[in-house]
Protein chains: 4
Amino acid sequence: MKQLIVSIWVVLVFCLSYSVHAQETTRLLSLEDAQRISDAAESRARQDNWNVVIAILDAGGHLVALRRMDGTQIGSVDVGIQKATSALKFKRPTKVFEDAVKSGNVHIISLPGVVAVEGGLPIRDGDRVIGSIGVSGVTSAQDGIIAAAGLESF
Amino acid sequence: MKQLIVSIWVVLVFCLSYSVHAQETTRLLSLEDAQRISDAAESRARQDNWNVVIAILDAGGHLVALRRMDGTQIGSVDVGIQKATSALKFKRPTKVFEDAVKSGNVHIISLPGVVAVEGGLPIRDGDRVIGSIGVSGVTSAQDGIIAAAGLESF
Amino acid sequence: MKQLIVSIWVVLVFCLSYSVHAQETTRLLSLEDAQRISDAAESRARQDNWNVVIAILDAGGHLVALRRMDGTQIGSVDVGIQKATSALKFKRPTKVFEDAVKSGNVHIISLPGVVAVEGGLPIRDGDRVIGSIGVSGVTSAQDGIIAAAGLESF
Amino acid sequence: MKQLIVSIWVVLVFCLSYSVHAQETTRLLSLEDAQRISDAAESRARQDNWNVVIAILDAGGHLVALRRMDGTQIGSVDVGIQKATSALKFKRPTKVFEDAVKSGNVHIISLPGVVAVEGGLPIRDGDRVIGSIGVSGVTSAQDGIIAAAGLESF
């Protein structure tokens, strides 16, 4: 019986030490995650015949997946990537910046990396930002709807 | 009789103008094309547990699709895109540049846009280059095998 | 007597050449200076559990020291460096630009190198700008408090 | 007794599910880690009166810490950062690229992101690359010695 209790303690301490270590770690976004999010976003876009670029970044801001639907303006490749980059770098939806600028805080546009147009969303695992999605091609409000639909599938 | 000759002339001129016009068109690479090529490339890569980035560009050198398999080095995102860009811009496999440099023509590295490493291939419709594929992540010879497998599906 | 006048002339000419020469020198910001300023700034940030990037530049606008506190958004690396760059290049606190934009002078955002958000301060030796500090990570007012605390230690 | 066994099972399953989750995670490089590595590298450099830039990046290739010792050439700021970036992006010491080029594989210089000069090393946690160090300022062999001394302290 005493041995058993000791065993339980060992297991508990192991779990505890493990969870302490876990606080310094972060989950990685897989290609499978990225494609599922992209599929959901593309599916939402097709519903309304919207043509967009969908970009998915990892926690370091590097592309995991990108797709450009037929007919989408070329400029949306960079816009989609940069919306995602902005959401990732500043850990917030790019709509927050759009709203700020619209309400008079124009100066934040001068910050390097800020894209102040809806359509970029961070992807979170609990509190931690582990990636982001950026959508561009239609109106910024529509881009935002598509990005949100993608994120919902995660 | 005179009317007949005039009619023939009209038809001939129409045909001529048509064929002149036809020479100015090009097939567009669709997202469906790009995903099919990417699927074939990814499938070939999985056969040998190779992790790579697969990038597909359109005729203008802009991304249509990109995917990064789990565990692929981050640097391969840019390398994959730039291999594809180089193959598209110069209408030839990047292996041609690699072979040239290896045989002593080192100076061509100084050309802006040249990536002299195998793994980038133009995508052709007849004579015309309508896009390109770039693969990066394993050895350049293996990247080349994956890119070729992708292109074969087109 | 004649010899005395010559001696005086020699001394005067020497002093003159010296003071002319002296106007062309500038104190160099050392790594020790930069780390002391950074330590003071970091210490102020920790007081309120603020997570920020602290960047210190020399008179030429090149990094002498940078540190990113745990949990700071990635975007603050570039923002911190660019706030410092802006303060250095234009010899004024970036808050001056923020106030200008807020009071209606939006056009100055179009100047290359201008970041119109508080948090960047020039480091002076007398009249001369010999470097700068840039802080980013919390609100711009808080970034400004941290930057000022760093500068105070100099 | 039966209840106890059930409890143990619950704990074990918890640990197991936790460790499965852990396979997808990665340890984060802290500022404390980065400063300890930088201190060790700087200390090694001072031994021989070498002046260098020491740059530490996180897993995403973003600066955690940088310091430039007095008298170091300005160009070493970018070189140090790019050596670290290259080591991180390609998960190998930059010396591997230097050796490859020296032995005739000049073509790899054309890969975007490749710096083929010793002085950049990946920082690993087991098999996983969680950051990198880049050193520049003296000869590439000396830069490499300093980087290795930094890494040893980790």
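Anything mentioned here points back to the structure above.
Figured I'd write up the structure that's included with this text. In this text the structure is predicted, and so the values were computed from the model without any measurement.

**Thoughts on the relation of the copies chain A and chain B**
Turning to step 1, where the next piece is worked out: Superposing chain A onto chain B takes a rotation of 180° plus a shift of 0.1 Å along the axis, which leaves an RMSD of 0.1 Å. Taken together, the rotation and translation relating the two chain copies correspond to the operation of a two-fold axis. By C-alpha distance to the rotation axis, the residue of chain A lying nearest is L66(A), at 2.4 Å.
Turning to step 2, where the next piece is worked out: Both copies share a contact surface, since 100% of the interface residues of chain A are interface residues in chain B too.

**Considerations on the interface of chain A and chain B**
Turning to step 1, where the next piece is worked out: Counting residues at the interface gives 17 residues for chain A, matched by 17 residues for chain B.
Turning to step 2, where the next piece is worked out: Roughly 1,400 Å² is buried in total at the junction of chain A and chain B, and carbon and sulfur atoms are behind 53% of that figure.
Turning to step 3, where the next piece is worked out: In terms of surface lost to chain B, no three residues of chain A exceed L31(A), L63(A) and R68(A), which account for 38% of the buried area on that side.
Turning to step 4, where the next piece is worked out: On the surface where chain A and chain B come into contact, there are 2 salt bridges.

**So, the relation of the copies chain B and chain D**
Turning to step 1, where the next piece is worked out: Under the fitted operation, chain B is carried onto chain D by 0.4 Å of movement along the axis and a turn of 97°, and the coordinates agree to an RMSD of 0.1 Å.
Turning to step 2, where the next piece is worked out: Counting the interface residues of chain B, we find that no more than 6% of their copies in chain D are interface residues as well, pointing to two distinct contact surfaces.

**Examining the layout of surface pockets**
Turning to step 1, where the next piece is worked out: Its boundaries defined by the atoms lining it, the second largest pocket holds a volume of some 1,100 Å³.
Turning to step 2, where the next piece is worked out: What lines the second largest pocket is a set of 48 residues, among which H62(A), K89(A), D78(B), H62(D) and K89(D) lie closest to the centre.
Turning to step 3, where the next piece is worked out: At the level of secondary structure, the elements contributing two or more residues to the lining of the second largest pocket comprise α3 (75-89) of chain A, α3 (75-89) of chain B, α3 (75-89) of chain C together with α3 (75-89) of chain D.
Turning to step 4, where the next piece is worked out: Along the lines of polarity and charge, the residues of the lining of the second largest pocket split into 21 nonpolar, 21 polar and 6 charged.

**Let's talk about the interface of chain B and chain D**
Turning to step 1, where the next piece is worked out: Taken together, the contact pairs 18 residues of chain B with 14 residues of chain D.
Turning to step 2, where the next piece is worked out: Between chain B and chain D lies a buried interface of about 1,300 Å² when both sides are counted; carbon and sulfur atoms form 70% of it.
Turning to step 3, where the next piece is worked out: Along the contact surface separating chain B from chain D lie 1 salt bridge.
Turning to step 4, where the next piece is worked out: The closest approach of N and O atoms between D78(B) and K89(D), which form a salt bridge, is 3.4 Å.
Turning to step 5, where the next piece is worked out: Seen at the junction of chain B and chain D, the total is 6 residue pairs in polar contact (both at pLDDT 80 or more).
Turning to step 6, where the next piece is worked out: At the level of secondary structure, the elements contributing two or more residues to the side of chain B that touches chain D comprise α3 and α4 (94-102) of chain B.
Turning to step 7, where the next piece is worked out: If you tally residues by element for the side of chain B that touches chain D, the top one is α3(B), at 5 residues.

**Digging into the environment of P93(B)**
All names here are of chain B.
Turning to step 1, where the next piece is worked out: Tracing the backbone through its elements, the reader meets P93 in the loop between α3 and α4.
Turning to step 2, where the next piece is worked out: A relative accessible area of 28% places P93 in the partly exposed class.
Turning to step 3, where the next piece is worked out: Note: C-alpha distance between P93 and G144 (51 residues apart in sequence) is 9.3 Å.
Turning to step 4, where the next piece is worked out: Excluding anything up to four places from it in sequence, P93 contacts G120, L121 and P122.

**Structural notes on the packing of helix α2 (residues 31-47) of chain D against helix α5 (residues 140-152) of chain D**
Residues and elements named next belong to chain D.
Turning to step 1, where the next piece is worked out: Put simply, α2 and α5 touch, their axes get as near as 7 Å, and they point 140° apart. Looking at the two axes, α2 sits oblique to α5. The interaxial crossing formed by α2 with α5 has right-handed handedness. For the pair α2 and α5, the contacting residues are I37, A40, A41, R44 and A45 in the first and I145, I146, A149, G150 and L151 in the second.
Turning to step 2, where the next piece is worked out: By residue class, the composition of the contact of α2 with α5 is 8 nonpolar, 1 polar and 1 charged.

**Points about the pattern of salt bridges**
All names here are of chain A.
Turning to step 1, where the next piece is worked out: The final tally for this structure, using the stated rule, is 42 salt bridges over all chains.
Turning to step 2, where the next piece is worked out: Ionic pairing is found between D39 and R67, a salt bridge with its closest N-O pair at 2.9 Å. On the criterion of sequence distance, the pair formed by D39 in helix α2 (residues 31-47) and R67 in strand β3 (residues 63-68) is long-range, its members being 28 residues apart.
Turning to step 3, where the next piece is worked out: Using a relative accessible area of 43% as the deciding quantity, one classes D39 as partly exposed.
Turning to step 4, where the next piece is worked out: Owing to a relative accessible area of 5%, R67 belongs among the buried residues under this scheme.
Turning to step 5, where the next piece is worked out: Salt bridges linked by common partners bring D39, E42, R46 and R67 together as one network.

Criteria and thresholds
- Residues numbered from 1 in each chain as written.
- Chains lettered and ligands numbered in written order.
- Predicted model: local features only at pLDDT ≥ 70, side-chain atom pairs only at ≥ 80, totals over all residues.
- Heavy atoms only, no water.
- Least-squares fit on C-alpha atoms with pLDDT ≥ 70 in both.
- Contact = heavy atoms within 4.5 Å.
- Buried area = accessible area lost by both parts, 1.4 Å probe.
- Salt bridge = Lys/Arg side-chain N within 4 Å of Asp/Glu carboxyl O.
- 1 Å grid on protein atoms, 1.4 Å probe; cavity = no way out; pocket = protein on both sides within 12 Å on 5 of 7 lines; lining within 4 Å.
- Points joined across faces, edges and corners; volume = space filled by probe spheres on them.
- Helix = DSSP H or I, 4+ residues; strand = E, 2+ residues; numbered from the N terminus.
- Nonpolar A, V, L, I, M, F, W, Y, C, P; charged D, E, K, R; others polar.
- Polar contact = N/O pair within 3.5 Å; in protein donor to acceptor, adjacent residues only side chain to side chain.
- Buried < 20%, exposed > 50% of the residue type's maximum accessible area, 1.4 Å probe, protein only.
- Axes fitted to C-alpha atoms, helices over the stretch in contact; angles between N-to-C directions.
- Parallel < 35°, antiparallel > 145°, perpendicular 65-115°, else oblique.
- Left-handed = near helix turned anticlockwise from the far one by under 90°.

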